[in-house]
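# Analysis of the macromolecular model
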Amino acid sequence: MERIFVARLAGLAVFDPAGDKIGRIRDVVVALRGPLPPRVHGYVVEVQPRRRVFLPVTRVISVEAGAVIFTGRLNLRRFEQRESETLAIGELLDLKITVEGEPGTVLDLAMEQPNPPDWLITKVAFRRGTRRRGETTVVDWGQVSGFEVAQRDQGAQSLLAAFDAMRPADLAGVLQELPGKRMAEVAAALNDDRLADVLEELPERDQVTVLGNLDAERAADVLEHMGPDDAADLLQELPPEQAERLLALMIPEEADPVRRLLGYAEDTAGGMMTTEPVILPPNATVAEALARLRVREQPPSIAAQVFVARPPTETPTGRYLGIAHIQRLLREPSFALIGSLVDGSVDPIRPEFSLPEVASYLATYNLVAAPVTDEDGRLIGAVTVDDVLDHLLPEDWRERHD
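Here's what I pulled together on the structure shown here. Since the structure is predicted, the reported quantities are computational estimates derived from the model, not experimental observations.

Another point: the sheet that holds strand S15 (residues 305-309). In spatial order, the strands read S14-S15-S16; together these three strands make up an open sheet with mixed pairing. Two strands close off the open sheet at either side, each with one partner strand: strand S14 (279-280) and strand S16 (320-325). As paired elements, S15 and S16 share five bridges and run antiparallel to each other. When the bridges of S16 are listed, Val306 appears paired with Ala324.

See below:
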């Protein structure tokens, strides 16, 4: 009998009968039935643009390595979880259970098809005891108790393992679909850097909720890992006294750029810019520039150019000299100095530029980032095209709509 572990389905590509990819598996919908094995109703599939729909398990004709294939037509109406339904990955992994009197933690669930076309959750993979390194065992569903008991502190280690390779924007989508309690548990289990990336992809309402569930010290640490512009946007959504308290808990070197950004109106170049573009002095070499642009954590819009300025090369810099575009850098020898490759034909913008003015500037010069200088000609930041899009789209664009 075929056995499929549900955590391994997370992120699996879904293909229609014609072989076209239509989305990815995000969860498995089941109905708990007490001591009886839960019945699998189907899958939550995420299709673009970030819409979650329901795929009945009876439509699935094949679950192979790296692909789920279904037949028939997919209803693109947004998935709404019913009261009688449970999300196997989002809600059951990491539950504290009891197996014949012995405590344990759910690591995974296995589904089988004893009587086609029905699929049932028949097995539970769990870790014995209460420690993270206990023995792992697979038992029958009927041997386990505790699935229908509300738990105050469920944890999220196994759920996060299932979504480990997921991009921050997609993990943010997963969090949005979880009940508030579960969202808080998952967020708390993420490391600071990962949580910062996910927070940047959440709607402002959820950002405030997640941050509010963290203690002040942890919240300040997470803000330090966020881009200064994103941290400033989030702090603007908080009561002034709470925002000031968090700023006071941040490392001064991390808090200072955020404070500067908070001094600009949100819909101006100063309010949208990041204070951490790639900046090098004119005597840096092409090899040094490419090494900075090659860093994996650099977003594509930041890694498309180097801003050249006199020292210091932290914002606010010395006198701004111009842009060295990555295409030009790739055409030159590694020992060439970037000061000789500067494109000085494009003037920088000022922090008071409005959103339409910044968008027009990027479109006119076919740029993905615009340098922002102060009245003394010092580089103080850069506005990237993704930041402009964030502000041009409706405020609730990160929300899920029917």
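Structure's up, so let's keep going.
Between Pro116 and the following residue, Pro117, the backbone shows a cis peptide bond with an omega angle of 10°. With respect to the secondary-structure elements, Pro117 resides in the loop between strand S10 (102-115) and strand S11 (118-128). In this chain, Thr315 is followed by Pro316 through a cis amide linkage whose omega measures -10°. Structurally, Pro316 is set in the loop between S15 and S16. Here Glu100, not a glycine, exhibits a phi torsion of approximately 50°, which is positive. One can find Glu100 in the loop between strand S9 (96-99) and S10.

In helix packing, the relevant descriptors are the interaxial angle and the interaxial distance, both defined with respect to the helix axes. The contact between helix H7 (residues 216-225) and helix H9 (residues 240-249) brings their axes to 9 Å, and the two run at 75°. In terms of their interaxial angle, H7 and H9 are classed as roughly perpendicular. Packed against H7, whose contacting residues are Ala216, Glu217, Ala219, Ala220, Leu223 and Glu224, the element H9 presents Arg245, Leu246 and Leu249 at the interface. Its residues assigned to classes, the contact of H7 with H9 comprises six nonpolar, no polar and three charged.

Attention shifts here to the nonpolar core. Judged by nonpolar contacts, the single largest core of 95 residues is most densely connected at Tyr43, Ile97, Leu109, Met111, Val124, Phe147 and Leu199. Considering every element that reaches this core, the biggest residue donor is H7, with five residues. Beyond its immediate sequence surroundings of up to four residues, Phe147 is in contact with Leu32, Leu92, Leu95, Ile97, Val106, Leu109, Val124 and Trp141. Among the nonpolar cores identified, the runner-up in size contains 15 residues, and Val286, Val308, Ala324 and Ala336 belong to it.

Look at any regular strand and the pattern is simple: side chains alternate between the two faces of the sheet. Side chains of S9 alternate between two faces, with Ile97 and Val99 buried and Lys96 and Thr98 left unburied. Connecting S9 to the next strand, S10, in antiparallel fashion are two residues, including Glu100 with a positive phi near 50°. Across two bridges, the pairing between S9 and strand S13 (residues 144-145) is antiparallel. Looking across to S13, one finds that Thr98 is bridged to Ser145.

This part is about the side chain of Thr384. Tracing the backbone through its elements, the reader meets Thr384 in strand S18 (residues 379-384). In this structure the side chain of Thr384 is engaged in a polar contact, spanning 2.6 Å, whose partner is the side chain of Asp386. Look past the residues within four positions of Thr384 in its chain and what remains in contact with it is Ser301, Ile302, Leu362, Val368 and Ala369.

Here Val45 shows up in strand S4 (residues 36-47). Val45 gets classed as buried once you look at its relative accessible area, which sits at 0%. Put simply, Val45 and Arg24 are 21 residues apart on the chain and 5.4 Å apart in space, counted from C-alpha to C-alpha. For Val45, the contacting residues outside a window of four places in its chain are Val14, Ile22, Gly23, Arg24, Ile25, Arg51, Arg52, Val53 and Leu55.

About the thresholds
- Residues numbered from 1 in each chain as written.
- Predicted model: local features only at pLDDT ≥ 70, side-chain atom pairs only at ≥ 80, totals over all residues.
- Heavy atoms only, no water.
- Pairing = 2+ DSSP bridges.
- Helix = DSSP H or I, 4+ residues; strand = E, 2+ residues; numbered from the N terminus.
- Axes fitted to C-alpha atoms, helices over the stretch in contact; angles between N-to-C directions.
- Parallel < 35°, antiparallel > 145°, perpendicular 65-115°, else oblique.
- Contact = heavy atoms within 4.5 Å.
- Nonpolar A, V, L, I, M, F, W, Y, C, P; charged D, E, K, R; others polar.
- Core = buried A, V, L, I, M, F, W, Y, C linked by side-chain atoms within 4.5 Å.
- Buried < 20%, exposed > 50% of the residue type's maximum accessible area, 1.4 Å probe, protein only.
- Polar contact = N/O pair within 3.5 Å; in protein donor to acceptor, adjacent residues only side chain to side chain.

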